[in-house]
Amino acid sequence: MNDAKKSEEKQLGDFIRGRLLFVEKLCEEKKLDKRGTMDAIRDEAMRLAGTPERREFLDHRVFKGVILSTSLLPDWLDKVLLEAISNVLKGRDATLFTSSSDESCIPFEAGRFNAHRQADTVFRMLYAGKAPGDWLTKSFRVLYQKCYGDDALKGLKIEQRSEREILISMDNRHLEKGSPMDCSTILGYLYGSMEKLGAKGIKIRHVRCSTLTASPHPVCDFVVSWSAA
Ligand SMILES: [Zn+2]
């Protein structure tokens, strides 16, 4: 494992809990056997984990333990879980990422699901009474810091380009989970949040991605736009 990426733990507890609740919701919608699906996801996550330490962590902390909303967790965990969930539900050649809210994938839907539930629960205060533009320029910084840490926050730039268009730039390459799959969860989270804020005609595009292999871009740029009504 790359030492530079050996992460400080972040406030990912509620985000990770949301991944498991997302699987439950999908099982209900698709009438899948919950127990069997979760067992398959655990086996796939163990396969993807890569080291005995991580397998031990997955087994004891995640699948046999209790994750609290306030739990501090390493960021590789989300990467492994999302990939395991996608592989089990959609097959190992499933699309793991998207660059537009017009095209969905499992990580996009997992992010969207978390935004919906967190807007009603743990992060309710960050959404209450906020207009979409306010949420994007103020609340999003708080959420981003929880997930990506203090170092990443220094690189977060949010620019209002017009009344209903905002550019968000970030650099997550120093994190192990920084990947196109993770960017897709951000796309989904932004989309789900805009839905909860009552925005109409929401469009989110990931116009430049720094985490794609051999990408020439130093940052990831997301353009969020919405319509007047
Ligand atoms: Zn990206």
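Reference entry: report on the structure contained in this document.

Structural notes on the environment of H217
Part 1: One can find H217 in the loop between β3 (200-208) and β4 (220-227).
Part 2: Given 14 C-beta atoms within a 10 Å radius, H217 is considered partly exposed.
Part 3: Taking the C-alpha atoms as reference points, H217 and I106, 111 residues apart in sequence, are found 25 Å from one another.
Part 4: Not counting chain neighbours up to four residues away, the residues in contact with H217 comprise R208, C209 and S210.

A word on the packing of helix α4 (residues 76-90) against helix α5 (residues 106-120)
Part 1: In the contact formed by α4 and α5, the axes pass within 9 Å of each other and the chain directions differ by 120°. Here α4 runs over α5; the crossing is right-handed. Across the interface between the two elements, L82, I85, S86, L89 and K90 from α4 touch I106, P107 and A110 from α5.
Part 2: Split by residue class, the contact of α4 with α5 holds six nonpolar, one polar and one charged.

Structural notes on the nonpolar core
Part 1: Counting 43 residues, the largest nonpolar core has I85, L187, L190, F222 and V224 as the members making the most contacts within it.
Part 2: Each of domain 1 (7-90) and domain 2 (106-227) contributes no fewer than three residues to this core.
Part 3: Setting aside residues up to four positions removed in sequence, V224 forms contacts with L136, I166, I168, L190, M194 and I204.
Part 4: Of all hydrophobic cores here, the second largest spans five residues; its members include L12, F15, Y148 and L175.

Conventions we followed
Residues numbered from 1 in each chain as written. Predicted model: local features only at pLDDT ≥ 70, side-chain atom pairs only at ≥ 80, totals over all residues. Helix = DSSP H or I, 4+ residues; strand = E, 2+ residues; numbered from the N terminus. Buried ≥ 20, exposed ≤ 12 C-beta atoms within 10 Å, placed from the backbone. Contact = placed C-beta atoms within 7 Å. Axes fitted to C-alpha atoms, helices over the stretch in contact; angles between N-to-C directions. Left-handed = near helix turned anticlockwise from the far one by under 90°. Nonpolar A, V, L, I, M, F, W, Y, C, P; charged D, E, K, R; others polar. Core = buried A, V, L, I, M, F, W, Y, C linked by C-beta atoms within 7 Å. Domains from an automatic or database assignment.

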